[in-house]
Amino acid sequence: MRRGTKIGFALLALLTLTAAGCYERPFTRDYARSVPNSAIQVGELTDRTWEYVDADGVSRELKPCEDLSPWNVAYSCTSPDGKVGLTFNDSKYGIDDVILHVGGEKVPLYCVVNPTWGDSLRFCIPASDPAVPPQPVPRRDKS
């Protein structure tokens, strides 16, 4: 029985290490704070409060995001001066279509979640940033 317990613990340790390796983030929250046109969720998860990083690398607050449509969980938040906006869809399946609107330009963002217990806040960098892992190319042969 003692040998079986040791094997069980060894398997549990191996599974834990494997699971931890599968959830490796391509970039950190601090990295996102250093990249212009990034967006970082702050506060509590339910607050939907975000900041963005301006062209000079300074974090600026956005007003709390508002739900634009209860049907497709589309959210929008703007800077206090209204010159910068963030839009995204947030559902039980995750966040998608995250776009930072800066000076008439749309900057698509790639987001990850901080996986620590009690802090599942998101942070995003421009999809064009080299730290973003390669994304699958959609098939064009299907109609």
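Residues numbered from 1 in each chain as written. Predicted model: local features only at pLDDT ≥ 70, side-chain atom pairs only at ≥ 80, totals over all residues. Heavy atoms only, no water.

Undergrad: An account of the sheet that holds strand β7 (residues 94-102) is requested, with residue identities and associated values reported.
TA: With antiparallel pairing, the 9 strands of this open sheet are ordered in space as β3-β2-β1-β9-β8-β7-β6-β5-β4. Here the strands that pair on one side only, and so sit at the sheet edges, are β3 (59-61) and β4 (66-69). Averaged over all pairs of adjacent strands, the angle between their axes in this sheet comes to 30°, without regard to strand direction. Relative to strand β2 (residues 49-53), strand β1 (residues 39-42) runs antiparallel, the two being bridged by 4 bridges. In the sheet register, Val-42 faces β2, and the bridge partner there is Thr-49. (Pairing = 2+ DSSP bridges. Helix = DSSP H or I, 4+ residues; strand = E, 2+ residues; numbered from the N terminus. Axes fitted to C-alpha atoms, helices over the stretch in contact; angles between N-to-C directions.)

Undergrad: Break down the pairing of strand β9 (residues 122-126) for me, citing the residues and quoting the values.
TA: For β9, the buried fraction is high: 5 of the 5 residues fall into the buried class. Taken together, the 2 bridges between β1 and β9 define a ladder with antiparallel strand orientation. Bridge assignment links Ile-40 to a residue of β9, and that residue is Phe-123. Of the pairings in the sheet, the one linking strand β8 (residues 105-113) to β9 comprises 5 bridges and is antiparallel in character. Each bridged residue has a counterpart across the sheet, and for Val-113 the counterpart in β9 is Arg-122. (Buried < 20%, exposed > 50% of the residue type's maximum accessible area, 1.4 Å probe, protein only.)

Undergrad: Break down the pattern of salt bridges for me, citing the residues and quoting the values.
TA: Inspection of every chain in the model, using the stated rule, returns 3 salt bridges. Notably, a salt bridge pairs Asp-54 with Arg-60, separated by 2.9 Å at the nearest N-O pair. Given a relative accessible area of 12%, Asp-54 falls into the buried group. Of the residues examined, Arg-60 reaches a relative accessible area of 39% and is grouped as partly exposed. Its salt-bridge partner being Asp-90, residue Arg-122 comes within 3.2 Å of it at the nearest N-O pair. In this pair, Arg-122 sits in strand β9 while Asp-90 sits in strand β6 (residues 84-91), placing the two residues 32 residues apart along the sequence. Judged by its relative accessible area of 11%, Arg-122 falls in the buried class. (Salt bridge = Lys/Arg side-chain N within 4 Å of Asp/Glu carboxyl O.)

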